[in-house]
Structures are given as C-alpha cells and as structure tokens.
Amino acid sequence: MATNPDFTMPNLRAGSRIAAVVFTCLLAACSEQGAHPNEGRGTVIIATAADADFLLPPVLQTVQGKQVVDQVFDYLADPPASLSTVGDGGYAPRLARSWSWSADSLSIAFELNPAARWHDGTPVRASDVRFTLDLIKDPQTASSLAPSLSDVDSISVRDSVTAVVWFARRSPEQFFQVIFNLAVLPEHLLASVPRDKLRESDFAQHPVGSGRFRFSRWEKGSVIELVADTANFRGRPSIDRVIWSTTPDPTTLWARVVNEEADFVEIVRGDAVAKVAASSVATLMPYPSLDYGYVQFNLRDKGSARRPHALLSDVALRRALSLGVDVRSTVRNVLDTLGYPGIGPVVRAQSTADTTLTANSFDQVKAGELLDSLGWRDTNGDGVRERGGKPLRFALSTPISSATRRQMAVLLQAQWKQLGVDVTIEELEPNTFFERLRAGNFDAALNAWHTDPTPSSARQSWGSAALPEKGGSNFGGYSSAAFDAYLDSAATSFDPARSKQLYRQAYKQIISDAAAIWLYEPRLTAAVNRRLNITGVRADAWWAGIPDWSIAPDKRIARDRLPLSAGTVPAAPAADSAK
C-alpha cells in the first residue's frame, strides 16, 4: 500500500482472518471503558522521522502521507476489527450509511449519508465517488491504487446520494477492494486539474476532504497540522488538533515524548525501549503491524527502463547475492527480539503466510561457486571480483530516517565484501529516496513496505500491472507472467484451501526469481505519553482511531488550551526510528 521512509506503502482471501486485536485503551492512563466522545480536547503531537510526500490519496507513496489523509478524507465504510477481507460482514458505515448487493453480486449500491459535507461546505455526492474511481484508473494519474481496483469496472450514479459500483467479475474480496482503496475525493475541486499534474497541484499540498479533521497547514520538513471539523456529520473528534512534527534525527524521537514535547512516537527500538519504560511520563505500547523490510533489486537500467540492468537483471547473480546474506544473523544483530526474518512479500499476520518456505538460504560457499561459474572472479587480488575488466560493484540506497535500515546496510555491505562484491551505501533524505525509487534511479535499495490486509496486495508492489511506467510501486521492474497468474487465480478463488495453495506458488516463484532479499518483519512498539487515551489501533493502521483519542481534562497542558485558529507546535530539537 505505501512505502515508509522510516519504512517506504495490499487484502485477506476467503475464510482468512488476521490474528490481530484492536488495541483499546492499551495505556495505563486509559480507563476500562475509555473516554466519553466529547470529554477529551487538546492537541496531540506525533513525532516522526520523515515528512509526507503528498496529501492526495491516489498519488501518495509514504505512510506519513497516508496517516494524514486518512483523517482528512472518508472511505465508504470501515473494516472490522478482525480485518476480514471476505464479504462485508462486520464492516461499519462511514461515508455510506448503507449498501445493498445485486442478485448476481456484480454490483453494490452505496447510499451516502446526506449530511456529509466537504470542508468547504459543499455536499458530498454520488458523482464524487464515480469521479474518484475514474481519477484513480486514469493512466495519466499513475496511481499505485489502480491494480487493487482492477476488478471494478465502473461506478454509476443512481441519484445524488446513491453510487452503484459495478464489477467485472465476482471475487471474495470485491467489497474490501472498494472500501479500502477508494478515499472519496471532491469532484468540484479536482475536475479541472490535469491528471498528469495532480502531484504538482495545490490540492495535493492543501487538501479539502470530508473527514473528521480539516487540513490546517503544512510546513514542509517540519509540521503538518489538522484541526477538528467541529460540525462533522460523523461527530466532532475528541481532540482539537493533531500535529505531525518531523524530527530530522531519528535516534532522539523517543526523547520528545519523555520530555513532553510530543505525545506519540510510532516506533522505538534498542536503548530507547528501556528509557521510555523507565519514564514516569511515557509508556510503551506494543501493537500489530503489516510491515516488512527488504532489499529491492532494480532489474532495469538506471538511465532507461527499456534496458536491463547491467548487473542485477541476471537472476543467477541475484541468487548469489541472496545466498551471501545471513538474514537471521542480520535481523538478530539489529532488531534483537523485536523482529522476525522475512518470509517473502507477505507477513505472518496474513493467513497465507508460509514460514516453511525458504525466502533466503545462507551459504557463502555456494554463493562464491555460483559467482565463479558466472565468470566473476578476483583476478588481480584486490578483493573485488571482475568480469571482462569490469568490477562487481553497485550502490545500495537507504533512507537516513530509518536507523534500522542504515544498520542493516552496513552489515549487508560487509557480508557482500566477503564474497568479493563492492557495495557502496547511499544514505538519502527520505523524499529523495522515494523519488529515486519512483524514477528507477537506483541499483538496489533497502525498502520497507506497509502492506494491506489482503495478500493480493502483492500486486501493488510486485505485479506487472504495477510497473513504474504504469504508475505502480513495483520499483524494481520485476515482471513474471507466472507470478501474476498465481496471484490473480488466488485472489479470485472462492476455495480457501486452493487460494492458499496458489499464493504459496506465487511466493515460491518470486523467491526463485530472487526479485528481492526479504530481510525482516518488525515487531512494533510505540512510545506514548501517559496522558493520552488511545483507541482503535488496527494492524493495518495504528492511526485509524485518532479522532477518538482523548486527553483527560486534568492532564491537559498549555498547548491543549490553544484555540483552533492559533495552532502552534514546539520546535523540534536537532533531532528510534522506524522500520
């Protein structure tokens, strides 16, 4: 779904459920029942290591951007706590107050809440839903969401508040595909914007939605501020304001919570865990996630996607590089007990996860023999293999905002050096990192992915329909007809056992093709100010319940009493990060 610079960002098959629990009032400060919806007020500051890229759902790539837009824009419905992606059981009304299926299950009519308003006061209409699908599926938009909506044929308008979604075929997840990927956009504000210019538009920097928070300001690289939509049709948020405050140094994020400069930090690791645990101000909050980190190989030339990469287009070379990495040791060294070795383009919380598959077998002897057979040998004794006079050398890119990936990059570099491979580490500012991924301007990258609940979302990051030139997030240019076919068949099968078997075949295919080295799946823990009452933490989005987070009146501080028109945030110090 999205990438995270602290990490870079999708659907569950029939009968499959994520074994994740909605964490309600996990903090010591929470009461058993939580706060009354109107009890809390004040400002919540979320300290983060990286800024958003865009604030327009169809074109954003970062998790930071998604955290913000999910407060500003509305989806038609909300998924259940189980994150089941099959059928519509347990889904709660959101922008749509009800829905009905056709007899053949090839269409769903969504009746919108007639009280819904855009933040400029204009009513939300069914034509906005139709417009949003058209925008996402337009090739000029180049939206990474398009592959996830490939089975949606069109949307028609029955009347001003009834949008009918038409499907090209039935599938177990057709309801989920629509409600999870379609954040409804205002046609009256975006219709005149050229689709290929959406990323540069003013709207992508100053969005207008219908959600429970309104956009207030964005100071690039510093602050994004949202304020409560006090007359929202779904109810006023329990806090007045939420602010994302970017701290350049990820190693000191935890200190902002302990020093009461922030209320929430998404991830703490290493020594920071003990420091937060010892604090009387903050507490630790473990929570489920759908994230994984990996080495993304670029199979195409950095200068032109039409040409293969001079080195990494060779599947045998990629297999040798994979064999040369001790994933278990690397993960243990960096994450200790707060991470698992990667198992492929899937996470353990998903029902199709298969830990018996070998995503990476460590064997440096075999790796060396394979390189020898490919003609890569160190003939001049300088420690670097060469072939035809050219050294075996490439660059590994990583975002400076991720302490985890920076440490792993050093360990990978050392292991490849033992094989005679010369790897240069490029540490990049997060937005630069993402721009290079999008442009295919890299050799290999330490990326991290925030996947959607369904395993079919692998199409967003690994499917042929998601190649960069098609607007997708398959940044390495991996393309396999067999992988695509396995995924498509798995996603449309109504037989859970067969679906799982097909997913396994898809994973075996991409692992055999060595499209990446799947390194780790993090076990996430947040640092939270004890004054904050938290509800609604989901495995796919810890931020889903922000409108219902609250601060007890007796625990408010000076910034909580600021009027909505006077939002300020303490300056970030020259600032544990993320994934």
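Everything numeric in this text was worked out from a predicted model, so none of it was measured.

S.K.: Would you explain the overall build of the protein in this entry?
M.R.: Helix and strand counts for the protein stand at 14 helices and 24 strands. When the accessible surface of the protein is split by element, carbon and sulfur atoms take 50% of a total near 20300 Å².

S.K.: What is the right way to read unusual backbone geometry from this model?
M.R.: Most peptide bonds adopt trans geometry, and most residues besides glycine take a negative phi value. Phi angles above zero are rare outside glycine, and Ala 142 is one such case at about 55 degrees. Within the secondary structure, Ala 142 sits in the loop between helix H2 (126-137) and strand S7 (152-159). Exposure remark for Ala 142: the relative accessible area of 19% places this residue in the buried category. The backbone of Asp 336 shows a phi angle near 55 degrees, a positive value even though the residue is not glycine. Within the fold, Asp 336 resides in the loop between helix H8 (327-335) and strand S15 (339-341). Overall, the relative accessible area of 53% leaves Asp 336 in the exposed class.

S.K.: Just checking my understanding: could you explain H8 for this structure?
M.R.: Every α-helix carries 3.6 residues per turn, so stepping three or four residues along brings you back to the same face. Within H8, the full set of buried residues consists of Val 327, Thr 330, Val 331, Val 334 and Leu 335. The buried residues of H8 occupy an angular sector of 95 degrees when the element is viewed end-on, so they sit on one face. Exposed side chains of H8 directed beyond 90 degrees from the buried face belong to Arg 328, Arg 332 and Asn 333. One or two residues past the end of H8 sits Asp 336, with phi positive at roughly 55 degrees.

S.K.: Looking at this model, I keep getting lost on helix H11 (residues 430-439). Mind explaining?
M.R.: Within the span of H11, buried status applies to Pro 430, Phe 433, Phe 434, Leu 437 and Arg 438. Along H11, the residues classed as buried sweep out an arc of 130 degrees about the axis, all on the same side. Of the residues flanking the end of H11, it is Gly 440, one or two places downstream, whose phi is positive at about 70 degrees.

S.K.: In this structure, what is going on with the packing of aromatic side chains? I would like to understand it.
M.R.: Scanning the model with the defined rule gives 18 aromatic pairs in all. In textbook terms, an aromatic cluster arises when at least three aromatic residues are bridged by ring pairs, as seen for Tyr 91, Trp 99, Trp 101, Phe 110 and Phe 175.

S.K.: I tried to follow the sheet that holds S7 on my own but got confused; where do I start?
M.R.: The pairing of strands in a sheet comes from backbone hydrogen bonds and takes either a parallel or an antiparallel form. Across the sheet, which stays open at both edges, the 4 strands sit in the order S5-S6-S8-S7 with antiparallel pairing between neighbours. At either end of the open sheet lies a strand with only one pairing partner, and these are strand S5 (96-101) and S7. Across the sheet, the mean angle from the axis of one strand to that of its neighbour is 20 degrees, orientation sign disregarded. Across 6 bridges, the pairing between S7 and strand S8 (residues 162-167) is antiparallel. Paired with Ile 155 across the two strands is Val 165, which belongs to S8.

S.K.: Mind showing me how you'd approach the confidence of the model for the protein here?
M.R.: Residues shown with low pLDDT carry predicted positions that ought not to be read at fine detail. Summarising the model, the protein shows a mean pLDDT of 88, and 89% of its residues fall at 70 or more. In the predicted structure, residues 4-40 sits below a pLDDT of 50 and forms 168 contacts with residues beyond four places in sequence or in another chain.

S.K.: What am I meant to see in the nonpolar core here?
M.R.: Looking at soluble globular proteins, one finds that nonpolar side chains tend to be buried together. Val 295, Leu 396, Trp 416, Val 421, Trp 462 and Leu 519 are the most contacted members of the largest nonpolar core, which has 69 residues in total. Looking at which element gives the most residues to this core, the answer is helix H14 (residues 496-512), with 6 residues. In terms of nonpolar packing, the next biggest core, distinct from the first, is built from 49 residues, Val 44, Val 68, Ile 267 and Trp 543 among them.

S.K.: Looking at this structure, I do not really get the pairing of strand S10 (residues 223-228). What am I missing?
M.R.: In regular strands, side chains alternate between the two faces of the sheet. The buried fraction of S10 is high, at 6 of 6 residues. Taken together, the 6 bridges between strand S9 (residues 213-219) and S10 define a ladder with antiparallel strand orientation. By the bridge assignment for S10, Glu 219 is matched with Val 223. Where S9 folds back on S10, the antiparallel hairpin that results is connected by 3 residues, among which Gly 221 adopts a positive phi of roughly 75 degrees.

S.K.: I would appreciate a short explanation of the sheet that holds strand S2 (residues 43-48) in the present structure.
M.R.: Taken in spatial order, the 7 strands line up as S9-S10-S11-S2-S12-S22-S13 in an open sheet, and their pairing is mixed. Sheet topology places S9 and strand S13 (282-287) at the edges, where each strand pairs with a single neighbour. Bridge count between S13 and strand S22 (residues 524-529): 6 bridges; the pairing is antiparallel. Across the sheet, the residue bridging to Leu 284 is Ala 527, located in S22. Along the sheet, helix H1 (residues 63-72) makes contact with S2, S9, S10 and strand S11 (241-246), crossing S10 at roughly 15 degrees.

S.K.: Any chance you could explain the pairing of S22 here in plain terms?
M.R.: Counted residue by residue, S22 has 6 buried out of 6 residues, so it is predominantly covered. Here 2 bridges tie strand S12 (residues 264-265) to S22, and the two strands are oriented antiparallel to one another. Residue Val 265 lies in a different strand from S22, and its bridge partner there is Ala 527.

S.K.: Just to check I follow, could you spell out the pattern of salt bridges for this structure?
M.R.: Here the idea is simple: oppositely charged side chains can pair when their charged atoms come close. Scanning the model with the defined rule gives 30 salt bridges in all. With its nearest N and O atoms 3.3 Å apart, the salt bridge here joins Arg 234 to Asp 74. Remark: Asp 74 occurs in the loop between H1 and strand S3 (77-78) and Arg 234 occurs in the loop between S10 and S11; sequence separation between them is 160 residues. The exposure class of Asp 74 is buried, given its relative accessible area of 0%. Where Glu 427 meets Arg 406, a salt bridge forms, and the shortest distance between an N and an O atom there is 3.3 Å. Here the residue Glu 427 occupies a position in strand S19 (residues 422-428), and Arg 406 occupies one in helix H10 (residues 403-418), the gap between them amounting to 21 residues. Residue Glu 427 is classed as partly exposed on the basis of its relative accessible area of 39%. Of the residues examined, Arg 406 reaches a relative accessible area of 28% and is grouped as partly exposed. Each of the salt bridges in this network shares a partner with another, and the network as a whole consists of Asp 74, Asp 78, Arg 94 and Arg 234.

Rules used throughout
Residues numbered from 1 in each chain as written. Predicted model: local features only at pLDDT ≥ 70, side-chain atom pairs only at ≥ 80, totals over all residues. Heavy atoms only, no water. Helix = DSSP H or I, 4+ residues; strand = E, 2+ residues; numbered from the N terminus. Areas by Shrake-Rupley, 256 points an atom, 1.4 Å probe, with all protein chains shown as cover. Buried < 20%, exposed > 50% of the residue type's maximum accessible area, 1.4 Å probe, protein only. Arc of directions from axis to C-beta. Phe/Tyr/Trp six-rings, centres within 6.5 Å; stacked < 30°, edge-to-face > 60°. Pairing = 2+ DSSP bridges. Axes fitted to C-alpha atoms, helices over the stretch in contact; angles between N-to-C directions. pLDDT = per-residue confidence, 0-100. Contact = heavy atoms within 4.5 Å. Core = buried A, V, L, I, M, F, W, Y, C linked by side-chain atoms within 4.5 Å. Salt bridge = Lys/Arg side-chain N within 4 Å of Asp/Glu carboxyl O.

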